[in-house]
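Architecture at a glance
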Amino acid sequence: PLTIKPDVGHVVIIAGGPAAGKTSFAINLMLHAKHIDWLYMSYELTGADFAETVCRIGNITDITNPEQRARFNSMVRHIATIDDTVIKVNDLESVVDMIKERNGLNIKGVVIDYLQHAPAHGSNATEKAIAIARALRSLSKKKRVAVIALSQVPKELAGDSNEPLPMSAPKDSGEITSAADIQL
């Protein structure tokens, strides 16, 4: 069984190269950790893309079929999804409150996909990374949620080997990796 302790306020960075399966891994994690209400904040996938991924994972071939639709709904009832690319990471604290108020979900896990697309304050990549890092840490501590942020690694660093990536591998990592309690 999958065991996660989201009340500790941890930030986890999942880094990997293009098409490495970061998003599929995170969606699988949310689907299998049904004891946690999740917020999936995507700066890359649309809601339709998310639903398509869930259908692929759940072997749902016809969402219009009432049985398959019911199975889909039971798979995602503990997940709130947002694909609004203008929401800044530092606004997610308010979003968590809004979801609880509107949907009754008590969010304890937040997945941010994918970090480099997240809008942030700052005039350059370093300032934006610092703003994102602070916002991730604040979100995890103030809302007592586990934050899982997906991060792209440049192709040249990802390579084809099974060698571990250096902590500095995520693009524009700077402060972001130092804000992480765990980096995968």
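Structure shown above.
First things first, this report covers the structure right here in the doc. (Residues numbered from 1 in each chain as written. Predicted model: local features only at pLDDT ≥ 70, side-chain atom pairs only at ≥ 80, totals over all residues. Heavy atoms only, no water.)

This part takes up the overall build of the protein. When its secondary structure is counted, the protein shows seven helices and six strands. Its helices and strands taken in sequence order, the protein reads β-α-β-α-α-β-α-β-α-β-α-α-β from the N to the C terminus. Expressed as a percentage of its 184 residues, the buried residues of the protein come to 46%. Considering only residue pairs separated by 6 or more positions, the protein has 75% of its internal contacts joining residues 24 or more positions apart. Carbon and sulfur atoms provide 50% of the accessible area of the protein, an area that totals close to 9,700 Å². (Helix = DSSP H or I, 4+ residues; strand = E, 2+ residues; numbered from the N terminus. Buried < 20%, exposed > 50% of the residue type's maximum accessible area, 1.4 Å probe, protein only. Contact = heavy atoms within 4.5 Å. Areas by Shrake-Rupley, 256 points an atom, 1.4 Å probe, with all protein chains shown as cover.)

Burial of strand E2 (residues 37–42) is extensive: six of the six residues sit out of reach of the surface. Pairing analysis gives six bridges linking E2 to strand E4 (residues 107–113), with the strands arranged parallel. Paired with Ser42 across the strands is Asp113, a residue of E4. Note that E2 and strand E3 (residues 79–82) share four bridges and pair parallel. (Pairing = 2+ DSSP bridges.)

The six strands lie next to each other as E3-E2-E4-E5-E1-E6, forming an open sheet whose pairing is parallel. Because the sheet does not close on itself, it has two edges, and the strands there are E3 and strand E6 (182–183). As paired strands, E4 and strand E5 (residues 146–152) are joined by four bridges and run parallel to one another. Residue pairing in the sheet places Gly109 in a bridge with Ala146 of E5.

In this section: helix H5 (residues 125–142). With 18 residues, H5 extends 25 Å from end C-alpha to end C-alpha; this agrees with the ideal 26 Å at 1.5 Å per step. The opening residue of H5 is Asn124, an N-cap whose side-chain oxygen sits 2.8 Å from the backbone nitrogen of Glu127. (Expected span 1.5 Å × (residues − 1). Polar contact = N/O pair within 3.5 Å; in protein donor to acceptor, adjacent residues only side chain to side chain.)

Right, let's get into the nonpolar core. A general feature of soluble globular proteins is that nonpolar side chains tend to end up buried together. If you look at the biggest cluster of nonpolar residues, it comprises 28 residues, and the most contacted ones within it are Leu39, Val89, Leu92, Ile112 and Leu136. Listed by contribution, the elements that provide at least two residues to this core are strand E1 (11–16), E2, E3, helix H4 (92–103), E4, H5 and E5. Excluding its chain neighbours within four sequence positions, the residues that come into contact with Leu92 are Leu39, Met41, Ile87, Ile112 and Leu139. Listed in part, the 23 residues of the second largest apolar core include Ile36, Trp38, Val54 and Phe72. (Core = buried A, V, L, I, M, F, W, Y, C linked by side-chain atoms within 4.5 Å.)

Before going further, it helps to examine the side chain of Ser42. Looking at where Ser42 falls in the secondary structure, it is placed in strand E2. From its side chain, Ser42 meets the backbone nitrogen of Glu44 in a polar contact 3.1 Å long.

What follows is about the side chain of Lys22. In this fold, Lys22 is placed in helix H1 (residues 22–32). Of the buried charged residues, Lys22 lacks a salt bridge, with Glu44 as the closest side chain of opposite charge at 6.9 Å. Side-chain polar atoms of Lys22 contact the backbone oxygen of Gly16, separated by 3.3 Å. Engagement of the side chain of Lys22 in a polar contact is seen with the backbone oxygen of Gly17, the distance being 2.8 Å. When sequence neighbours within four positions are dropped, the list of residues in contact with Lys22 reads Ile14, Ala15, Gly16, Gly17, Leu150, Ser151 and Gln152. (Lys, Arg positive; Asp, Glu negative; His and termini not counted. Salt bridge = Lys/Arg side-chain N within 4 Å of Asp/Glu carboxyl O.)

The subject of this paragraph is the environment of Ala180. Looking at the secondary structure, you find Ala180 in the loop between helix H7 (174–179) and E6. Judged by relative accessible area, which is 16%, Ala180 ranks as buried. Each C-alpha atom of the pair Ala180 and His10 lies 7.4 Å from the other, and the pair is 170 residues apart in sequence. If we skip the residues at most four places from it in the chain, Ala180 touches Val11, Ile13 and Arg137.

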